[in-house]
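What follows is each chain in one-letter form.
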Amino acid sequence: MILKANIKEAVQSLWGTKQRTILALIGIFVGIGSVIAMVSVGTIVQNEALKQFKEMGTDILAISQETGGEGARAKSSIISYKLAMDIPRYCPEISTVAPYTSTYGTLKYEGKKLSAPALGVTHSFMDLNKLKLKEGRFISDLDYFMYYCVVGTKVQEQLISFGVKNLIGTRIIYKDKQFTIVGTLEYAAATNMRPYEVSAGIMIPLSTSRRLGEETSIKNITGRLRAAGNNLTAASQVSNYFEVRGNGMKVRIRSAEELIKTMEKQMRLFTLLLGAIGSISLIVGGVGVMNVMLV
């Protein structure tokens, strides 16, 4: 009976102060909704950030040469094409590799100029980096010392603004060398495993890139683990391989799996932080609503 009387009195009080009741309910709804929204935003950001990494797969390794190694032999060593391509032969955990060079220069078309990076790549570079062709073809291993190129989305936009109507077959000048465009790529977001030059520049045969200057030496390699391969074992094998066959060369190895785990941990902390901030706001708002109801 007492509970029934209390409920009846509470309902009558709420009904008697409709405006105050409605405002209090709005405050409660907004507070709860804000917490849910903040946590949801954190989850969405986490999924979008990890999506780019997972698109390339968790079986990818990024191998890069460390500068300033110990000893004169290590400092003078460079990654040769044969040294890079022999990795799967001596490292059983690695199935495929794609060495590439990177340089920067001026691209010219009918007197118009733009600054753009260039990657010297092999045919396997496309598959390892999950690139998609828009038109034409990608660089082939048969394009030995040939002056062909594949252009990324940013260069495509610039060339179209220069008046190019059909990109395939168009001839451009890069570092005073004439290249013929044989393919165009769809946009591919840059990640810690995929170089930004993919969409921002052009891709040329690796052998041809070595003719563009001394700075175009191989410093980075993308590799793929064999089926059911272990990234820690692969990293150990690659390190030992360069130590023995690369004259004491030191390399830095990053795996997509490790990066994804690190990002997932960071994103979980980010989501918890958003939830904590929202909860504090909800408590403060709840105290305010309670005071109004008590009045």
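Our subject in this report is the structure included herewith. (Residues numbered from 1 in each chain as written. Predicted model: local features only at pLDDT ≥ 70, side-chain atom pairs only at ≥ 80, totals over all residues. Heavy atoms only, no water.)

### Details of the layout of surface pockets
Inference 1: Approximately 210 Å³ is the volume found for the largest pocket.
Inference 2: Residue composition of the lining of the largest pocket, by class: seven nonpolar, three polar and three charged. (1 Å grid on protein atoms, 1.4 Å probe; cavity = no way out; pocket = protein on both sides within 12 Å on 5 of 7 lines; lining within 4 Å. Points joined across faces, edges and corners; volume = space filled by probe spheres on them. Nonpolar A, V, L, I, M, F, W, Y, C, P; charged D, E, K, R; others polar.)

### Examining the pairing of strand 10 (residues 251–255)
Inference 1: Every second residue of strand 10 is oriented toward a common face, the buried set being Val251, Ile253 and Ser255 and the non-buried set Arg252 and Arg254.
Inference 2: Relative to strand 10, strand 1 (residues 60–65) is paired through five bridges, and the arrangement is antiparallel. Looking at the pairing, leucine 61 lines up with serine 255 of strand 10. (Buried < 20%, exposed > 50% of the residue type's maximum accessible area, 1.4 Å probe, protein only. Helix = DSSP H or I, 4+ residues; strand = E, 2+ residues; numbered from the N terminus. Pairing = 2+ DSSP bridges.)

### Focus on the pattern of salt bridges
Inference 1: Counting across every chain of the model gives six salt bridges.
Inference 2: Between arginine 226 and glutamate 93 there is a salt bridge, with its nearest N and O atoms 2.7 Å apart. Of this pair, arginine 226 sits in the loop between strand 9 (220–225) and helix 10 (231–245) while glutamate 93 is found in the loop between helix 5 (87–90) and strand 2 (94–109), placing the two residues 133 residues apart along the sequence.
Inference 3: Residue aspartate 143 is joined to arginine 137 by a salt bridge in which the shortest nitrogen-to-oxygen separation is 2.9 Å.
Inference 4: If you follow the salt bridges from partner to partner, you end up with Asp59, Asp127 and Arg224 in one network. (Salt bridge = Lys/Arg side-chain N within 4 Å of Asp/Glu carboxyl O.)

### Looking at the environment of valine 30
Inference 1: With respect to the helices and strands, valine 30 occurs in helix 2 (residues 18–56).
Inference 2: On the basis of relative accessibility, which here comes to 53%, the residue valine 30 falls in the exposed class.
Inference 3: It is 9.5 Å that separates the C-alpha atoms of valine 30 and glycine 285, two residues lying 255 residues apart in sequence.

### Regarding the packing of aromatic side chains
Inference 1: Enumeration over the complete set of coordinates arrives at five aromatic pairs.
Inference 2: Consider the rings of tyrosine 147 and phenylalanine 179, whose centres lie 5.2 Å apart with planes at 65°: the pair is edge-to-face. Note that tyrosine 147 is positioned in the loop between strand 4 (133–136) and strand 5 (148–151) and phenylalanine 179 in strand 7 (residues 177–185), a separation of 32 residues in sequence.
Inference 3: For tyrosine 147, a relative accessible area of 23% gives the class partly exposed.
Inference 4: With a relative accessible area of 0%, phenylalanine 179 lands in the buried category.
Inference 5: Taken together, the ring pairs connect Tyr90, Tyr241 and Phe242 into an aromatic cluster.
Inference 6: If you follow arginine 211 out to its NZ or CZ, it ends over the ring of phenylalanine 145, 3.9 Å from the centre.
Inference 7: Lying across the ring of tyrosine 90, arginine 245 places its NZ or CZ 3.8 Å from the centre. (Phe/Tyr/Trp six-rings, centres within 6.5 Å; stacked < 30°, edge-to-face > 60°. Lys NZ or Arg CZ within 6 Å of the ring centre and 35° of its normal.)

### Structural notes on the pairing of strand 3 (residues 112–121)
Inference 1: Of all 10 residues that make up strand 3, seven are buried, and the element is covered over most of its length.
Inference 2: Bridging between strand 2 and strand 3 involves nine bridges; their strand directions are antiparallel. Residue pairing across strands places tyrosine 109 opposite lysine 112, the latter belonging to strand 3.
Inference 3: In this structure, strand 3 lies alongside strand 8 (residues 202–205), joined through four bridges in parallel fashion. Across the sheet, the residue bridging to valine 121 is proline 205, located in strand 8.

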